[in-house]
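One-letter residues, chain by chain:
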Amino acid sequence: MARRSFDRRTFVALLLAGCADPTPNLVPQVTPLPQTPTPQQPQPVAPPTESGSMSFDAWSRQFYERAVRAGLPADLLTREMAGLVPDPRVITLDSRQPEFAKPFGDYIKGVISDDRIAIGQRKRVELTPITADIEAKYGVPGDVVLGIWAVETAFGGTMGSFDVIRSMATLAADGRRRQWAEDQLMAALRIIGQGEFPRSQLYGSWAGAMGQTQFIPTTFLSTAVDEDGDGKRDIWGSREDALASAANLLSKGGWVRGQGWAREVTVPDGFDYALTEGPRETPDWWARLGVVRADGLPWTTADQTAKCMLIAPTGAQGPKFLLLPNHFVIRKYNNATTYALGVGLLADRFGGMGPLVQAWPYETALSTADRIASQKALAALGFDPGQPDGVIGVNTRAALRAWQKSRGLIADGYLSMQMVGLLKAEVPWVSPTPPPADPVPQAPTPGPAPQARR
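Along each chain, the written sequence defines residue order, and numbers are assigned to residues from 1. Only residues with pLDDT of 70 or above have their local features reported here, since the model is predicted, and side-chain atom pairs are shown and tallied only from 80 upward, although totals for entire chains, interfaces and linings are computed over all residues. Side-chain metrics in this entry use all non-hydrogen atoms of the structure; hydrogen atoms and water are not considered.

**A look at the pattern of salt bridges**
Salt bridge, as used here, is a side-chain nitrogen of Lys or Arg placed within 4 Å of a carboxyl oxygen of Asp or Glu. Applying the stated rule across the entire model yields 20 salt bridges. Close ionic contact of arginine 124 with aspartate 143 constitutes a salt bridge, the shortest N to O distance being 2.6 Å. With a gap of 19 residues between them, arginine 124 in helix H6 (residues 114–126) and aspartate 143 in helix H8 (residues 142–153) connect regions that are remote in the sequence. Burial classification: accessible surface area is computed with a 1.4 Å probe over protein chains only, and a residue below 20% of its type maximum counts as buried, one above 50% as exposed, and the rest as partly exposed. A residue is classified by how much of its surface remains accessible, and aspartate 143, at 16% relative accessible area, is buried. Ionic pairing is found between aspartate 348 and arginine 263, a salt bridge with its closest N-O pair at 3.9 Å. With aspartate 348 in helix H16 (residues 337–350) and arginine 263 in strand S3 (residues 262–266), the pair connects residues that are 85 residues apart, well separated along the chain. The helix and strand labels rest on DSSP assignments: H or I over at least four residues marks a helix, E over at least two residues marks a strand, and numbering proceeds from the N terminus.

Shown next as structure tokens:
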């Protein structure tokens, strides 16, 4: 028994010795446990694009990846971006800057034309059941909604024919307003992806405004409503949906039910125009300074409590207005005094009010060069107008009023050609002397007849 046990032990030892690695190994080897691979999220890869523009194609690939990460389906993006090329018309329109700014009064007179007033008054009668329901629901007067409809698309007649997807892609790739344009592009793609409307329906202005009341895609998603109850928010084909969506935008913007939007006023001789675009006070406060309604009528109870701002958009010689809070709500549709004043005055005429008491004065259109020169002159004289960009906004008008007041002029903040001349006279270098004209060519020496130009 003992011998058999010894033989067995000897056999096992010899067997292990034969299987050992002959190379000495002083460090014990540890076999690692197999690791479970971490799942990797596939990175979105845009399909190749060949638009003919390297910069557009580069932007397209990057946008595709961002859009997939933002939750847009890859198949939707692949389908809608296939064959997408920039629209040169959009680039041209986006970069177009008119050499001469249209005078304020000319713009308003163009908006409130006799033809537009007549059409609006007919629409007012025709659509009373619709606008009455909209006013009851949203608190916005039907005449104001009709005014927006008239100004935006001539009562639905000029909605634009640009492909919104292509327009927004063009603006985004151009880069000047990339984030805004990409936001609108993603919103337009969501409209398609949600099944609300196909791409063929998403047409509008070159800047992406769609439908009879010109909603950009993000506003459509957040604000458009189905007023006619057919299950679609059709701001293209349904007047009910388009008008109610506009009213909903104003309602969400803070429209004060029952209050007006503005009233024309008169001011006394010697009035301090430095108060324009300044304090917001009640009509009674302004009345103590001699500012009263131009039509001689009393303020309504609702309007008496409103905080109003005085403006004189064409200076002391033109009409003046006390702006109620609802004026600034209209500007949430388009943030321009001209736009909101045009919509409001048009609405008043639809409702039967007469023309303004004070007519708009004659104005000379100012060139971009004159506007920039005036801003540079104000800055040089110590009155900060902001960036000299040729846009006569709030900062420029405030600087102009301060300069006018310091020179004993009527401080109405209105940049007329006379004011441009006075500013240039104080700071001549802001208006460089034009280069001398080419000398008058001398009569050529008679010789062979020149060849015709081809």
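Past the structure itself, the notes keep going.
**Thoughts on the environment of alanine 379**
Within the secondary structure layout, alanine 379 lies in helix H17 (residues 368–380). A residue is classified by how much of its surface remains accessible, and alanine 379, at 44% relative accessible area, is partly exposed. Residues alanine 379 and threonine 396 lie 17 residues apart in sequence; the distance between their C-alpha atoms is 9.6 Å.

**Section: the confidence of the model for the chain**
Mean pLDDT over the chain works out to 87, with 84% of the residues at or above the 70 mark. Scored from 0 to 100, pLDDT reflects the predictor's confidence in each residue. Pairs of residues are marked as contacts when any of their non-hydrogen atoms sit within 4.5 Å. With pLDDT under 50 throughout, residues 1–34 is counted as low confidence; its partners more than four residues away or in other chains account for zero contacts. Note on residues 435–454: pLDDT under 50 across the span, and zero contacts to partners over four residues away in sequence or across chains.

**Here's the deal with the packing of aromatic side chains**
Each Phe, Tyr or Trp ring, with Trp reduced to its six-membered ring, pairs with another whose centre is within 6.5 Å; inter-plane angles below 30 degrees give stacked pairs, above 60 give edge-to-face pairs, and intermediate values give tilted ones. Scanning all chains against the criterion turns up 14 aromatic pairs. Here the aromatic rings of tyrosine 203 and tryptophan 236 are separated by 6.5 Å at their centres, their planes lie at 50 degrees, and the arrangement is tilted. Of the two residues, tyrosine 203 sits in strand S2 (residues 203–204) while tryptophan 236 sits in the loop between helix H11 (217–223) and helix H12 (239–252), which places them 33 residues apart along the sequence. Look at phenylalanine 271 and tyrosine 273: their rings are 5.5 Å apart centre to centre, the planes differ by 90 degrees, and that puts the pair in the edge-to-face class. By relative accessible area, which is 10% here, phenylalanine 271 ends up buried. Of the residues examined, tyrosine 273 reaches a relative accessible area of 9% and is grouped as buried. Among the aromatic residues, those joined into a ring-pair cluster are Phe197, Tyr203, Phe220 and Trp236.

**So, the pairing of strand S6 (residues 308–311)**
Two faces, one strand: in a regular strand the side chains alternate between the faces of the sheet. Here S6 shows a buried face lined by Cys308 and Leu310 and a second buried face lined by Met309 and Ile311. A pair of strands is treated as paired once DSSP finds two or more bridges between them. In this sheet, S6 lies alongside strand S4 (residues 280–281) in antiparallel orientation, the contact comprising two bridges. When the bridges of S6 are listed, glutamate 281 appears paired with cysteine 308.

**So, H16**
A helix is expected to span 1.5 Å multiplied by its residue count minus one. Here H16 spans 20 Å end to end across 14 residues, near enough to the 20 Å set by a 1.5 Å rise per residue. The buried count for H16 comes to twelve of 14 residues, which makes it a mostly enclosed element. Taken as a whole, H16 has its buried residues at Thr337, Tyr339, Ala340, Leu341, Gly342, Val343, Gly344, Leu345, Leu346, Ala347, Asp348 and Phe350.

**Notes on the nonpolar core**
Only buried residues count toward a nonpolar core. Its members are Ala, Val, Leu, Ile, Met, Phe, Trp, Tyr and Cys residues joined through side-chain atoms within 4.5 Å. Formed by 81 residues in total, the largest nonpolar core has its most connected members in Trp59, Phe63, Leu202, Phe220, Leu250 and Leu341. Ranked by residue count, the leading element in this core is H16, at eight residues. Leave out the neighbours within four places in its chain, and phenylalanine 63 touches Leu77, Met81, Glu182, Leu185, Met186 and Leu189.

**Looking at the packing of helix H7 (residues 128–138) against H12**
Axis definition: a line fitted to C-alpha atoms, over the contacting stretch in the case of helices. Angles run 0 to 180 degrees between N-to-C directions. Two numbers describe how H7 lies on H12: the axes approach to 10 Å, and their chain directions differ by 25 degrees. The orientation of H7 relative to H12 falls into the category roughly parallel. Considering how the two elements wind past one another, H7 and H12 form a crossing that is right-handed. Contacts between H7 and H12 involve Ile130, Ile134 and Tyr138 from the former and Glu240, Leu243, Ala244, Ala247, Asn248 and Ser251 from the latter. In this count, Pro and Cys sit with the nonpolar residues alongside Ala, Val, Leu, Ile, Met, Phe, Trp and Tyr, while Asp, Glu, Lys and Arg are called charged and the others, Gly among them, polar. For the contact of H7 with H12, the per-class residue count stands at six nonpolar, two polar and one charged. When describing relative orientation, an angle under 35 degrees is termed roughly parallel and one over 145 degrees roughly antiparallel, while 65 to 115 degrees is termed roughly perpendicular and anything else oblique. Crossing chirality is assigned from the near helix's rotation relative to the far helix, an anticlockwise turn below a right angle marking it left-handed and a clockwise turn marking it right-handed.

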